[in-house]
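Chain by chain, the residues:
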Amino acid sequence: MKITTELVDYVSVLSRLKLPEEEKVKMAGELEQIIGYMDILNRLDTSDIEPMSHTFPVKNVLREDVVEDFGGRAALLSNAPAHDDTAFLVPKTVD
Amino acid sequence: MNWEVVIGLETHVELATKTKIFCSCTTAFGGDPNTHVCPVCTGMPGSLPVMNKKVLEYAAKASLALNCDVTQYCKFDRKNYFYPDLPKAYQVSQLYLPIGRNGKVPIQVGSEEKVIRIHELHMEEDAGKLVHDNWIDQTRADYNRCGVPLIEIVTEPDFRSGDEVIAYLEKLRSTLEYLGVSDCKMQEGSLRCDVNLSVRPQGSTELGTRTEMKNLNSFKAISRAIAYEARRQEELIEMDHKRVIQETRRWDDNKDATISMRSKENAQDYRYFPEPDIPPMELTDSYLDSLRASMPEMAPAKRERYQREWGLSEKDAALLTDTRAMAAYFEDTVAAGAAPKQASDWIQGEVLRELKEKSLDIKQVVFAPEALAHLIDLVRQGKLNRNTAVKVFRAVFDDNGDIDAYVKAHGLEQVNDTGLVEQVVSDVLAANPQSVADYKAGKKKASGFLMGQCMKALKGKGDPKVVSQTLNKKLAEL
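Residue numbers run consecutively from 1 along every chain, following the written order of its sequence. Lettering for chains starts from A, numbering for ligands starts from 1, and both go in the order in which the items are written. Local features in a predicted model are, by the rule used here, given only for residues with pLDDT of at least 70; side-chain atom pairs are given and counted only at 80 or more, and totals for whole chains, interfaces and linings are based on all residues. As a convention, hydrogens and water are excluded, and side-chain values are obtained from all of the structure's heavy atoms.

A. Layout of the nonpolar core. Residue and element names in this part refer to chain B. The definition of a nonpolar core used throughout is a set of buried Ala, Val, Leu, Ile, Met, Phe, Trp, Tyr and Cys residues joined through side-chain atoms within 4.5 Å. For the exposure calls, accessible area comes from a 1.4 Å probe over protein chains only, and a residue counts as buried if that area is under 20% of its type's maximum, exposed if over 50%, partly exposed in between. One finds M123 and Y168 to be the most contacted residues of the largest nonpolar core, which totals 117 residues. Secondary structure elements follow DSSP: runs of H or I of four or more residues count as helices, runs of E of two or more count as strands, with numbering from the N terminus. The dominant element in this core, judged by the number of residues it contributes, is helix α2 (residues 162-179), at nine residues. Source of the domain bounds: an automatic or database domain assignment. Domain assignment of the residues forming this core places at least three in each of domain 1 (3-285) and domain 2 (297-409). Setting aside residues up to four positions removed in sequence, M123 forms contacts with M51, V55, L56, A59, C74, F76, S93, Q94, I99, L150, I151 and M281. One finds V421, L429, V436 and V467 within the second-largest nonpolar core, a separate group that totals 16 residues. Throughout, a residue-residue contact means that at least one pair of heavy atoms, one from each residue, lies within 4.5 Å.

Laid out in C-alpha cells, this is it:
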C-alpha cells in the first residue's frame, strides 16, 4: 500500500501531531514499510481461522461491585503537566 | 408537498451500579472535583481496568427485556479520539460485538400499536466534565464521571412522529426502572437522548439526509426539537431549494431552535480496534436463564393484572404502575388488607398530593403501606369518617406516627351513637327555624347548611351518611 504525505497529514491531525515537512516524507516511507509487512501476512490463507482479539485464553475476568476509595487526588494530579488544587488543567476546549 | 419525518434514536442510560465500569471508584453523583477517581479512570500508564460484574448483568438484563439477541461471546473495543473529557484519548466501547442486537420494543400511540426495532445495545464508559475558566483561560477537567457505566441503545429509523419517540422513551424508562438497572432521571442526566432526523416526500422509500440533535434534556425539549427540525428541513428543501447538510445540531431551549455545531474536525474517524486490556466475556445459557428468572413483573403485565384481578380502571392501573416503587407501595397496601379500589384512591389522592407538595419521591415515603391499609380499614369499619381519616393521614404521614394513638389522643372516633346523632339533629333544627322554613319553602340548598351545622356540632366526627339520613328523615317529619 502506498503511503502518501497526504495520508500522513490526515493521521497526524487525528493524533494531534505536528510534523515538519521532511519528517512527513520520512514517516511516509517508514509507514509504508510497516504496512508492507501486512501485505506479506496477507498472503497466508486464513479463511478457516477465527479472528483473535486477545492472546491469552482467558475470559470473564470480572470484579464485584464494591466501592474502594483511592483517595490520592494530589498524587494523580501531580502526573499531569498542568493542574491546580482540584483539577487537571488543559488548553481551552471549544464545544 | 406532504412530508414524512423519519427518526432514529441513540439513548445513553447510566447504569445504577455502585462503582465504575472498570475500577472500584464510586459512581455517586457530585463530589469535589477529582475525588471519585483512581489511576484506572484517569488513564495512568500501567493501570489495568477490570470489568464490573454488575455492569455485565445489568446490560444483559436490559438486552433481554428489550427483546434483543444477546451476544454470548462479547468484547470491548477502543474508540479513539482526542478530547480532554477522556484522559486516555480513547473511550472503551463496543463496536464489533455489542451485547445486544435486533431488539424489539412495542409502543402504543393513541389506539395504534407499533414495534420499534433496536439495532443494538452496547456498553461503554462515560466521559469527564470540562469547565472553562475565563480568568486563567484554561479548561478544568474533572474526571469524577469518567468511567461511569453506560449502555447506549440505538434504534432503527422507525419513528414517524414526536409522539412515537416520547412513547418509546416512556417505555424504555419504565422497563429499565422496573429492572432496577437505572433510575433513568433525565434531569440528572442518567437518561440522555440524541435524535437523528430526516424528512422525505410522503410515499418515498428513500431516506433523506439526516441531522443529529444533541442537548435534549427533557421530553418536552425532544418534542419541540423534533417539530422545529422537521419544519426547518422541509422549508430548506421546499422554499429555498437547498439540500440538508449532514451535521450535528445543538438544541437551544431558550431560543427554541437547533443550531449547527460547526466542528473544525470533520473527520469522524475513530479507528476502532479490540480493547486488549479487557478479556472477552462469555454469557452462558444458564447465566442468561438465571437473569431471566430474576426479572420482575414489568409494568404492562402489572397493568393488565390490576384490571383483571382487582377491577381497576385502565387509567388507575397506568398511574399506579408508572414506577416500580409506586406499584410496590400499592401492592403492599393491598397485601396489608386494603381493598384495591380504596388503596388506589388513597394513593392517587392523598399520597400523591403529599409527594407533590413536599417534592418527594415515593421511595422516600416513611408512612408505611401497612399504616395506610389500617387507616382505610378504620374508615371501612366506620370508626373514622373519610374527612377525619384524611386529617389523621396528614398528621402522621411525615413520621409514620401511630394512627390509633393519634385518633385516641385527639378524640376523633366517629360518632356512631344514633341516639346522640338524633339529639344533635333535633337541636340544630330547633336552633335554625329560618333555614327550616326556607327548606320547607322549596330552597333545597338550606339542607346543606343544616347538614354543616350538624357536623359542626358533632365536631366533624359524625358519619356523614348517618347524619344526612337522620336530617332528611327529621325534615320530612316536620
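B. Looking closely at the sheet that holds strand β3 (residues 69-70) of chain B. All names here are of chain B. The nine strands are arranged β3-β7-β8-β11-β1-β12-β13-β14-β15 in an open sheet whose pairing can be described as mixed. The open sheet terminates on both sides in strands that have one partner only, identified here as β3 and β15 (257-260). Only strands joined by at least two bridges in the DSSP assignment are considered to pair. Examined bridge by bridge, strand β13 (residues 211-216) and strand β14 (residues 248-252) share three bridges and lie parallel to one another. Within the sheet, the bridge partner assigned to E212 lies in β14 and is T248.

C. Main features of the packing of helix α5 (residues 299-310) of chain B against helix α7 (residues 324-335) of chain B. All names here are of chain B. To define axes, lines are fitted to C-alpha atoms, for helices over the stretch in contact only, and angles between the resulting N-to-C directions are given on a 0 to 180 degree scale. Two elements in contact, α5 and α7, have axes whose closest approach is 12 Å; the angle formed by their N-to-C orientations is 25°. As far as their axial angle goes, α7 and α5 are roughly parallel. Between α5 and α7 lies a crossing whose hand is left-handed. On α7, the residues touching K302, R305, Y306 and W310 of α5 are A327, F330, E331 and V334. For classification purposes, an angle smaller than 35 degrees is called roughly parallel, one larger than 145 roughly antiparallel, one from 65 to 115 roughly perpendicular, and anything else oblique. Crossing handedness is defined as follows: a turn of the near helix away from the far one that is anticlockwise and smaller than a right angle gives a left-handed crossing, while the clockwise case is right-handed.

D. Region of the structure containing helix α10 (residues 386-396) of chain B. Along α10(B), the positions that sit buried rather than exposed are B:T388, B:A389, B:V390, B:V392, B:F393 and B:V396. As for α10(B), its buried residues are in contact with α8 (340-357), α9 (369-380) and α11 (403-409) of chain B.

E. A look at the domain arrangement of chain B. The domains assigned to chain B are domain 1 (3-285), domain 2 (297-409) and domain 3 (418-477). Its C-alpha centre places domain 2 of chain B at a distance of 33 Å from the equivalent point of domain 3 of chain B.

F. Region of the structure containing the pairing of strand β9 (residues 129-133) of chain B. Here β9(B) pairs with strand β10 (residues 138-142) of chain B via five bridges, running antiparallel. Bridged to B:L130 within β10(B) is B:A141.

G. Layout of the pattern of salt bridges. Residues and elements named next belong to chain B. Only one rule defines a salt bridge in this text: a Lys or Arg side-chain nitrogen within 4 Å of an Asp or Glu carboxyl oxygen. Tallied over the full model, the rule gives 47 salt bridges over all chains. For the salt bridge of E14 with R145, the shortest nitrogen-to-oxygen distance reads 2.9 Å. One end of the pair, E14, is in strand β1 (residues 3-14); the other, R145, is in the loop between β10 and β11 (149-155), and 131 residues separate them in sequence. A residue is classified by how much of its surface remains accessible, and E14, at 14% relative accessible area, is buried. Judged by relative accessible area, which is 14%, R145 ranks as buried. One salt bridge connects D126 with R192, and the closest N-O pair in it is separated by 3.1 Å. Within this pair, whereas D126 is found in the loop between β8 (112-125) and β9, its partner R192 is found in strand β12 (residues 191-201), the two being separated by 66 residues in sequence. A relative accessible area of 9% places D126 in the buried class. Each of E297, K302, E304, R305, R308, E309 and E331 takes part in a single network of salt bridges with overlapping partners.

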